[in-house]
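# Examination of the molecular architecture
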Amino acid sequence: MSQIVREGFAQFCKRQQEGVSLVTDAINQEESEQKAYSGWLEKRQERKRKLLYQELDLILRHKSEILAMPRYADIDVHYALSGFVGYARASTRWELLFGSSWVIVNLGLASLLKIWEHEQFQVKCDCGGTAYIYKFGGSPGSGASYASAFCPHCKQEIHGIKNRSPWTYYHVATDAFTADTTRFVENFLDKWKIANEKYQENLKDEHRNPRTQPVHMLRGDDAPCGIETLIQELRLKEV
Ligand SMILES: [Zn+2]
């Protein structure tokens, strides 16, 4: 992420005289590594997106389990849906910087499945099955919209879906993401409250375990689960 440095003419002359460069090699190195990292992330997301859609029929067969289990429900799928109305992009991921710490909130798998429950996000496919919209765009002025969908039954893409309210797409998607964000923040605050109370209690014990700092208690009990693990676990259930 490149940053703009503003410099007045007097400062420029003084700096040139002192022989101090405006951007150091260390800054250039950091920027080039950030760029390489972003490229790697994009490739990784594209691989995950392909896997999710390729296995969407399997995922849908296990929808009720996914909705019921936080380990599955909260899997990051922010890359699976994209859309905008005019300049308003429907957020599926927020990267919030607090000091030097990043907090990232993603659209969860359960929310994506709930978005697809809305008629607005469903299309009848020629094969007779229901296809699900994964990309939309629209104009707030004319009310025109277009969308693309994927059919999990025959694995075909459907393009050029028109004449649907662009703001309905937008609001259904962003409301689901807002619900994810709210759940994340409330869950975090609850965990912190409990961890801190336990910590205060432990402080009274001079032989206390050093791993009873609140930060150690913020972790969840579940093993982390990504889309790859989910698909493997669902396949095994069907054997
Ligand atoms: Zn189909």
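Each remark here, short or long, concerns the structure printed above.
Source: prediction; values computed, not measured.

## Comments concerning the overall build of the protein chain
- For the protein chain, the helix and strand inventory stands at eight helices and eight strands.
- Taken over C-alpha atoms, the radius of gyration comes to 24 Å for the protein chain, far larger than the 18 Å a tight globule of 239 residues would show.
- Looking at the protein chain residue by residue over its 239 residues, the buried ones come to 21%.
- Contacts in the protein chain between residues far apart in sequence, at least 24 positions, make up 62% of those at least 6 positions apart.

## Some words on the nonpolar core
- Among the nonpolar cores identified, the biggest contains 37 residues, and Val77, Leu109, Leu112, Ile115, Tyr132, Ala149 and Ala173 are the most heavily contacted of them.
- Going through the elements one at a time, helix H3 (56-61), helix H6 (109-115), strand S6 (130-138), strand S7 (145-150), helix H7 (166-202) and helix H8 (227-238) are the ones with two or more residues in this core.
- Of the residues forming this core, the biggest block, six residues, is contributed by H7.
- Leaving out residues up to four positions away in the same chain, Ile115 has contacts with Leu81, Phe121, Val172, Ala173 and Ala176.

## What about helix H2 (residues 25-54)?
- The end-to-end C-alpha distance of H2, which contains 30 residues, comes to 44 Å, matching closely the 44 Å that a straight helix rising 1.5 Å per residue would cover.
- Of all 30 residues that make up H2, one are buried, and the element is exposed over most of its length.

## Comments concerning the packing of H2 against H8
- Taken N-terminus to C-terminus, the directions of H2 and H8 make an angle of 25°; their axes are 10 Å apart at the nearest point. Relative to H8, H2 is oriented roughly parallel. Judged by the twist between their axes, the crossing of H2 over H8 is left-handed. Where H2 abuts H8, its residues Lys48, Leu51 and Leu52 lie against Ile227, Glu228 and Ile231.
- Class assignment for the residues of the contact of H2 with H8 results in four nonpolar, no polar and two charged.

About the criteria used
Residues numbered from 1 in each chain as written. Predicted model: local features only at pLDDT ≥ 70, side-chain atom pairs only at ≥ 80, totals over all residues. Helix = DSSP H or I, 4+ residues; strand = E, 2+ residues; numbered from the N terminus. Rg over C-alpha atoms; globule rule 2.2 N^0.38 Å. Buried ≥ 20, exposed ≤ 12 C-beta atoms within 10 Å, placed from the backbone. Contact = placed C-beta atoms within 7 Å. Core = buried A, V, L, I, M, F, W, Y, C linked by C-beta atoms within 7 Å. Expected span 1.5 Å × (residues − 1). Axes fitted to C-alpha atoms, helices over the stretch in contact; angles between N-to-C directions. Parallel < 35°, antiparallel > 145°, perpendicular 65-115°, else oblique. Left-handed = near helix turned anticlockwise from the far one by under 90°. Nonpolar A, V, L, I, M, F, W, Y, C, P; charged D, E, K, R; others polar.

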